[in-house]
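Chain by chain, the residues:
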Amino acid sequence: MKRIMSIQDLSCLGKCSLSVALPIISAMGIETSIVPTAVLSAHTQFDGFHIRDLTEDMKKVKEHWKKEDFKFDGIYTGYLASAQQIDIVIEYIEAFSRPNNLVIVDPVMAEDGKLYTGFDDSHPSHMARLCGKADIIIPNISEAALLLGMDYPGEDCSMDKIKEMLLGLSKLGAKCCVITGVHFGNDRLGFVGYDSLTNDFFEGSTKEVKYRSNGTGDVFASTFTGAVLNDYSIKDALMLAAEFTCRCIDDTAKDPNRRTYAVNFETQIPWLCEELKKNI
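Residues numbered from 1 in each chain as written. Predicted model: local features only at pLDDT ≥ 70, side-chain atom pairs only at ≥ 80, totals over all residues. Heavy atoms only, no water.

1. Some remarks on the environment of Y116
Selection rule: Numbered from the N terminus, helices here are DSSP runs of H or I no shorter than four residues, and strands are runs of E no shorter than two. Any two residues whose heavy atoms approach within 4.5 Å are treated as being in contact.
With respect to the secondary-structure elements, Y116 resides in the loop between β7 (114-115) and α4 (123-131). If we ignore the near neighbours within four places in the chain, the residues touching Y116 are Y79, V108, M109, A110 and E111.

In structure tokens form, the structure reads like this:
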């Protein structure tokens, strides 16, 4: 069984970050080891949440794992709260990298052209350093613009602009760069990627469900990571992630008893497992 390390925060209530990554990737047959960067009583949509920063504990986990000589087939990072945490994650990558393991970075830090609360203007440059250590990066349009230090082009920017951004992102160092949340028209939403090894662009999309919810990016990134570790090609892994995320959003939008703070990814796990069987 393959093993992946996921480094991001853990919300005790609310489906995002590790509380999404752990069940989804595990359901996909990948042993999932976690490095919590912080523990929150509930995710940040809720007022008055309690948070315990685990930056110092991250160092101790790394030291123990290195002493035990644990091996990992991949490293997947999500939300990181500070430049110090980014530095520690880079240390993890350097400590546990080996031939043929994958480093996947979801540079979670912004949406709608704005950094998340708590990040200052220097955060994108620190995240760009981490992206330079990755094999695959999967920013949204806002994050891509910030990583490049350019003006936000809007969610409906042209395909030429998306490709220009991808070429710029590839110069950070990742072998494959993917921009998510791309509008294709005709109510289609998807991704565009660039493989710097082959100099090829590629894309894919699903129907766009007009419903917004927290955690959808984490669902997408986690499913993509699980698929790649199951030997899907990058494009096929992205399509599986896009289709699964679309189904989760659609299920939630149609659910009269839905929660307002997350999508119903649990209801779609059986579908995901059946899709995986087709690739075996």
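And the narrative resumes.
2. Overview of the sheet that holds strand β4 (residues 74-77)
Cut-off, in case you're wondering: When DSSP finds at least two bridges between two strands, those strands are taken to pair. Convention adopted: a line fitted to C-alpha atoms gives each axis, helices being fitted over their contacting stretch, and angles between N-to-C directions are expressed from 0 to 180 degrees.
What the nine strands build is an open sheet, ordered β3-β2-β1-β4-β5-β8-β9-β10-β11; its pairing is mixed. Sheet topology places β3 (51-53) and β11 (200-207) at the edges, where each strand pairs with a single neighbour. Sheet topology places strand β2 (residues 31-40) next to β3; three bridges connect them, and they run antiparallel. Looking across to β3, one finds that L40 is bridged to I51. Helix α8 (residues 234-254) contacts β8 (136-137), β9 (176-185), β10 (188-195) and β11 of the sheet and is inclined by roughly 20° relative to β11.

3. What to know about the packing of aromatic side chains
The condition that has to hold: Here a Phe, Tyr or Trp ring, Trp counted by its six-membered ring, pairs with any other such ring whose centre lies within 6.5 Å, and the pair is stacked when the planes are under 30 degrees apart, edge-to-face when over 60, and tilted otherwise. Using a 1.4 Å probe on the protein chains alone, a residue whose accessible area is under 20% of its type maximum counts as buried, one over 50% counts as exposed, and one in between counts as partly exposed. Distance and angle both matter: a charge sits over a ring if NZ of Lys or CZ of Arg is within 6 Å of the ring centre and within 35 degrees of the ring normal.
Under the criterion given, the structure shown has eight aromatic pairs. Judged by centre distance (6.4 Å) and plane angle (75°), the ring pair of W65 and F96 falls under edge-to-face. Highlighted residues: W65 in helix α2 (residues 55-68) and F96 in helix α3 (residues 83-96), separated in sequence by 31 residues. Like F96, W65 is buried. We note R3 situated over the ring of F72; from NZ or CZ to the ring centre the distance is 5.8 Å. Positioned above the aromatic ring of F96, the side-chain terminus of K66 is 5.6 Å from the ring centre.

4. A look at the pairing of β2
A regular strand places its side chains so that they alternate between the two faces of the sheet. Definition in use: The path from the first strand over the helix to the second decides the hand: if it runs clockwise while the strands point away from the viewer, the crossover is right-handed.
Pairing between strand β1 (residues 3-11) and β2: eight bridges, direction parallel. Of the residues in β2, the one forming a bridge with I7 is V35. Handedness of the crossover joining β1 and β2 through helix α1 (residues 18-27): right-handed.

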